[in-house]
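Chains, contacts and geometry: an overview
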Amino acid sequence: MLWHKVQNQLKLHDISLVVGPNRSDKTKFLVEQYGDTPFTIDVSKAKLAYCGGDTTISDAEWQQIIDRDCPFITVDDAHLLKMPDLIKLIEVAVETKKRLYMSCNETIVSDLPALLTHARTHHLSVVKLERLTANDVCAWVLGEFG
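The sections below set out a description of the structure shown in this document.

Remark: a regular strand shows side chains that alternate across the two faces of the sheet. For strand E3 (residues 72-76), a buried count of five out of five residues is recorded, marking the element as mostly surrounded by other parts of the structure. With two bridges connecting them, strand E2 (residues 43-44) and E3 associate as parallel partners. Within E3, the position partnered with Ser 44 by the bridge is Asp 76. Handedness of the crossover joining E3 and strand E4 (residues 99-104) through helix H5 (residues 83-96): right-handed.

Right, here's the structure in full:
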């Protein structure tokens, strides 16, 4: 699969943004990171968002993210979340010592300054993995704050 060309970047950085258009196998790529471990997408709010529902992460969902025994937190369609939840995801990742993997589309770009500023306060590294064409993916380090 195309995304595997940049898979090594996931372990090199604290926060990974997997960016590409709909139906580009971003979620499948994240699920494959679980290997033989049963997978759980920690946050997936697409169905709610597309029906006009509230995409806020609930207290129960936060607790599940914190309690789950996995080295990373997985967020599908992060561009649908509100900034307070995106910031709190970084906080929870730091608190639990987990990496943060977020799939999203390009609309996340409007949130990047705030996300990178917050990542800098915690000395986290951030990488953007992006599908450019049907055959090309690239990795850009957006911040090495460690």
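This brings us to H5. The end-to-end C-alpha distance of H5, which contains 14 residues, comes to 20 Å, matching closely the 20 Å that a straight helix rising 1.5 Å per residue would cover. For H5, the complete set of buried residues consists of Asp 85, Leu 86, Leu 89, Ile 90, Val 92 and Ala 93. Along H5, the residues classed as buried sweep out an arc of 165 degrees about the axis, all on the same side. Facing away from the buried side of H5 by over 90 degrees, the exposed positions are Pro 84 and Glu 95. Each element contacted by the buried residues of H5 is listed here: strand E1 (15-19), E2, helix H4 (59-67), E3, E4 and helix H6 (112-121). Positive backbone phi, approximately 60 degrees, marks Lys 97, located one or two places after H5.

This part covers the nonpolar core. Burial of nonpolar side chains together is a common tendency in soluble globular proteins. By size, the foremost hydrophobic cluster in this structure holds 26 residues, and its most contacted members are Ile 15, Ile 73, Val 75, Leu 86, Leu 89, Leu 100 and Met 102. Sorting the residues of this core by element identifies E1, H4, E3, H5, E4 and H6 as the ones contributing at least two each. Take this core: its biggest share by element is five residues, from H5. What Val 75 contacts, discounting residues up to four positions off in sequence, is Leu 30, Val 43, Leu 81, Leu 89, Leu 100, Tyr 101, Met 102 and Ser 103. One finds Trp 3, Val 18, Tyr 101 and Val 137 within the second-largest nonpolar core, a separate group that totals 13 residues.

Applying the stated rule across the entire model yields five salt bridges. For Lys 45, the salt bridge goes to Glu 61, with nearest N and O atoms at 2.9 Å. Pair noted here: Lys 45 is in the loop between E2 and helix H3 (46-50) and Glu 61 is in helix H4, with a separation of 16 residues, a long-range link. For Glu 106, the salt bridge is made with Lys 128, and the minimal N-O distance between the two is 3.3 Å. Taken together, the positions of Glu 106 in the loop between E4 and H6 and Lys 128 in strand E5 (residues 125-131) put the pair 22 residues apart, joining distant regions of the chain. The class for Glu 106 is partly exposed, based on a relative accessible area of 35%. The network of salt bridges with common partners includes Glu 106, Lys 128 and Glu 130.

The strands making up a sheet are joined through hydrogen bonds of the backbone, oriented either antiparallel or parallel. A sheet is described by the order of its strands in space; here six strands give the open sequence E2-E3-E4-E1-E5-E6, paired in mixed fashion. Strands with a single pairing partner mark the edges of an open sheet, and in this sheet they are E2 and strand E6 (137-144). Sheet topology places E1 next to E5; five bridges connect them, and they run parallel. The residue of E5 that forms the bridge with Ile 15 is Val 126.

Within the secondary structure layout, Ser 125 lies in strand E5. Exposure remark for Ser 125: the relative accessible area of 6% places this residue in the buried category. Each C-alpha atom of the pair Ser 125 and Asp 76 lies 20 Å from the other, and the pair is 49 residues apart in sequence. A distance of 3.3 Å separates a polar atom in the side chain of Ser 125 from a polar atom in the side chain of His 13.

Conventions and cut-offs
- Residues numbered from 1 in each chain as written.
- Predicted model: local features only at pLDDT ≥ 70, side-chain atom pairs only at ≥ 80, totals over all residues.
- Heavy atoms only, no water.
- Buried < 20%, exposed > 50% of the residue type's maximum accessible area, 1.4 Å probe, protein only.
- Helix = DSSP H or I, 4+ residues; strand = E, 2+ residues; numbered from the N terminus.
- Pairing = 2+ DSSP bridges.
- Right-handed = clockwise from strand over helix to strand, strands pointing away.
- Expected span 1.5 Å × (residues − 1).
- Arc of directions from axis to C-beta.
- Contact = heavy atoms within 4.5 Å.
- Core = buried A, V, L, I, M, F, W, Y, C linked by side-chain atoms within 4.5 Å.
- Salt bridge = Lys/Arg side-chain N within 4 Å of Asp/Glu carboxyl O.
- Polar contact = N/O pair within 3.5 Å; in protein donor to acceptor, adjacent residues only side chain to side chain.

These values are about where atoms sit, not about what they do.
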